[in-house]
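Observations on chain architecture
Okay, here's what each chain looks like letter by letter:
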Amino acid sequence: MERKRPGMTSGARMPHQGAPMGPPGPPFGGTPPIRQGMPVMDPNRKRPTPTPPVQAPPVQNRPRKKPLGFPGANEISARQMDLREAQSEPAIGTNAKRRKMADKILPQRIRELVPESQAYMDLLAFERKLDQTIMRKRVDIQEALKRPMKQKRKLRLYISNTFNPAKPDSEDSEGSIASWELRVEGKLLEDPGKQKRKFSSFFKSLVIELDKDLYGPDNHIVEWHRTPTTQETDGFQVKRPGDVNVRCTLLLMLDYQPPQFKLDPRLARLLGIHTQTRSCIIQALWQYVKTNKLQDSHEKEYINCDKYFQQIFDCPRLKFCEIPQRLTNLLLPPDPIVINHVISVDPNDHKKTACYDIDVEVDDPLKTQMSGFLLSTANQQEIASLDNKIHETIESINQLKIQRDFMLSFSRDPKGYIQDWICSQNRDLKLMTDVVGNPEEERRAEFYSEPWSQEAVSRYFYCKIQQRRQELEQALAMRTT
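Along each chain, residue indices are assigned from 1 in the same order as the chain's sequence is written. pLDDT decides what is reported in this predicted model: residues at 70 or higher carry local features, side-chain atom pairs at 80 or more are listed and counted, and totals for whole chains, interfaces and linings draw on all residues regardless. Heavy atoms from the whole structure form the basis of all side-chain values; hydrogens and water molecules are not counted.

Comments concerning the overall build of the protein
We apply this condition: We count a stretch as a helix when DSSP gives it H or I for four or more residues in a row; a strand needs E for two or more, and each element gets its number in order from the N terminus. The criterion used for residue contact is that any of the two residues' heavy atoms lie within 4.5 Å. Note on areas: these come from Shrake-Rupley sampling with a 1.4 Å probe, and a residue is covered only by the protein chains present in the view.
A count of helices and strands for the protein gives 13 helices and 13 strands. By sequence separation, contacts in the protein at least 24 residues apart represent 69% of the contacts at least 6 residues apart. Total accessible area on the protein stands at roughly 33900 Å², and carbon and sulfur atoms take up 54% of it.

Listed below in structure tokens is the structure:
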């Protein structure tokens, strides 16, 4: 008959009698001998097949306070544990274990032993503040890069012409006719960029209108317009026959990035803006609405138009989300830059140059540096390698502290320390072998003379009878089928 303890499920086995006690593993090594006088279970003895036991909830390894220094039977070194956890966790970089800021902090006991370690803690606090500042600045840079970053610079425009008088004795047909050549060039003043921009990259189109009376209605206009396949150039030149002064008009359309628009005169007077981007125009409209309190107090999405808004949008009330659509008819292409020039054919003035300064917008050079800072990983790799060294050093210090505490505890009370350690190993052995209860008490006869034994025997027989009844019913059902 199988013995059963209170609370054991049907068919559960009793603990193995004579289970060896004590640390089976290092530092003692080998399997310890069985104590004298303890009965040994015959390995050839067979037990009747019990019913499948009900799965009990797994025993959780609760944290226990062990004597310092000795590793438990189911413990491994911290270094081996880190390696195993690093293999089980997702790889970060080069299969390294994820580190935490708390792992770099020295324990309080170590700081008490070594007062000089406070300098390290001060550096750690400074590093934490520095990391927070850098992270905040990175976020600020990312937000700044989302907005256009432009600077206004001066583009100096050079308009010059040369005159080639006719040569009667020239064999070439072109040399026998007087002609002039107009050149339009320019450069950016105080350009700090390493890569110089081409002159044509600042313009969307260039139109030169010559005197219509001299060159006729079909040959008096020279046009250049930007296309997706346009090759940038450092200047433009126009050559025409002629030996008299020619009046010309240059129309230059700047290439705004992002695009800018000229406002309707009524809207321009209201906002005080002549030419601006669409987003700036909408922002100015919203500022006007807030300043004049035109937003409806009950329905926030509506705007109650004043007399100026009614003249511009032609309605007494509208939603603010409708303004971008209504602005389409109020935005016009920006005005071109108009320059009037006279092409001189005076033989005494072989080259005549006129200079004009134009305000243009260029990308802020700081934008390139900010993008490079966000994309740079060299410093991060160096910091990561230094962090790994710090973590390894802290782990080494913790291990040395454990060894020191073990030596001190053992030197103060060797006997008590060994007894505490043996108790700790006993608990570890129970967890390793899934032993429930106290085998030392269960092997004595007095343990089974307690009041719970009668109830346990009754429950055992009841479970056996129920099990046998189920088997008979299953056999009878199979015969009837």
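That was the structure; now back to the text.
Remarks on the pattern of salt bridges
Selection rule: Each reported salt bridge corresponds to a side-chain nitrogen of Lys or Arg within 4 Å of a carboxyl oxygen of Asp or Glu. Only protein chains enter the area calculation, which uses a 1.4 Å probe; residues under 20% of their type maximum are buried, those over 50% are exposed, and those in between are partly exposed.
Counting across every chain of the model gives 19 salt bridges. Here Asp335 and Lys262 are joined by a salt bridge, their closest N and O atoms 3.3 Å apart. Taken together, the residues Asp335 in the loop between strand E11 (331–332) and strand E12 (337–343) and Lys262 in strand E7 (residues 260–263) connect sequence positions 73 residues apart. The exposure class of Asp335 is partly exposed, given its relative accessible area of 40%. Classification of Lys262 by relative accessible area gives partly exposed; the value is 23%. Of the charged contacts, one joins Asp405 and Lys401 as a salt bridge, the two residues approaching to 2.5 Å between their closest N and O atoms. In this pair, Asp405 and Lys401 are both assigned in helix H10 (residues 378–412), 4 residues apart and thus about one turn of the helix distant. Bridged by salt links that share partners, the residues Lys104, Glu127 and Asp387 form one connected network.

Some thoughts on helix H6 (residues 278–291)
What counts here: By definition here, a helix of n residues has an expected span of 1.5 Å times n minus one. By arc we mean the arc of the directions from the helix axis to the C-beta atoms, nothing more.
For H6, spanning 14 residues, the distance from its first C-alpha to its last is 20 Å, which sits close to the expected 20 Å at 1.5 Å a residue. Three or more residues of H6 are buried, namely Ile281, Ile282, Ala284, Leu285, Tyr288 and Val289. The buried residues of H6 all sit within an arc of 160° when viewed along its axis, so they share a single face. Residues Ser279, Gln283 and Thr291 are exposed on H6 and point more than 90 degrees away from its buried face. Of the residues trailing H6, Lys293 is marked for its positive phi of about 55°.

Remarks on the environment of His341
Position of His341 relative to the elements: it lies in strand E12. Residue classification places His341 among the buried positions, given a relative accessible area of 6%. Spatially, the C-alpha atom of His341 lies 6.2 Å from that of Thr249, the residues being 92 residues apart in sequence. For His341, the residues in contact, after removing those within four places along its chain, are Ile159, Asn161, Leu182, Val246, Arg247, Cys248, Leu250 and Ala354.

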